[in-house]
Amino acid sequence: MEGFIRHALLAHCGFTLQGQQQVQGGWSALAYAANTDGGRFFLKVYETGRASVDPWIDRMDAYMAALPWLSRQTPLQKRHTAPE
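Residues numbered from 1 in each chain as written. Predicted model: local features only at pLDDT ≥ 70, side-chain atom pairs only at ≥ 80, totals over all residues. Heavy atoms only, no water.

(A) Region of the structure containing the pairing of strand β2 (residues 29-36). Of all the eight residues making up β2, seven are buried; the element is thus mostly covered by neighbouring parts of the structure. Both β2 and strand β3 (residues 39-46) contribute to a ladder of eight bridges, which runs antiparallel. Bridging from a neighbouring strand, Tyr 32 pairs with Leu 43 of β3. Connecting β2 to the antiparallel partner β3 that follows it, the hairpin turn spans two residues. (Buried < 20%, exposed > 50% of the residue type's maximum accessible area, 1.4 Å probe, protein only. Helix = DSSP H or I, 4+ residues; strand = E, 2+ residues; numbered from the N terminus. Pairing = 2+ DSSP bridges.)

(B) Just the sheet that holds strand β1 (residues 17-23), in detail. As summarised here, the arrangement of the three strands in space is β1-β2-β3, forming an open sheet in which the pairing is antiparallel. One side of each edge strand has no neighbouring strand; the edge strands of this open sheet are β1 and β3. Across the sheet, the axes of successive neighbouring strands diverge by a mean angle of 25°, strand direction being ignored. Across the sheet, helix α1 (residues 2-13) lies against β1, β2 and β3, angled at about 125° from β1, the strand it touches most. (Axes fitted to C-alpha atoms, helices over the stretch in contact; angles between N-to-C directions. Contact = heavy atoms within 4.5 Å.)

(C) Here's a closer look at the pattern of salt bridges. The final tally for this structure, using the stated rule, is two salt bridges. Of the charged contacts in the structure, one is a salt bridge between Glu 2 and Arg 6, with a shortest N-O distance of 2.7 Å. Highlighted residues: Glu 2 and Arg 6, both in helix α1, separated by four residues, approximately one helical turn. In this structure Glu 2 comes out as partly exposed when scored by relative accessible area, which is 39%. Accessibility expressed as a relative area gives 35% for Arg 6, which makes it partly exposed. For Glu 47, the salt bridge is made with Arg 50, and the minimal N-O distance between the two is 2.6 Å. (Salt bridge = Lys/Arg side-chain N within 4 Å of Asp/Glu carboxyl O.)

Structure, rendered in structure tokens:
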């Protein structure tokens, strides 16, 4: 999983992974705390083999569209990133 996370962070966010730790996930995804050259991040990795994941993935575009608003309108400013 580290190779997947390393590649995804670099290719989509421009961050170099310096370390990761798996943390308790939820019913639809694995969860990781990742230290990068851009800061510390919480990552969700959806397991497509879980039946609960397909509905989330189908609506991912709608969820991702909320991130720019969160960046502008809430205390989460500068506290999250999204793939470009």
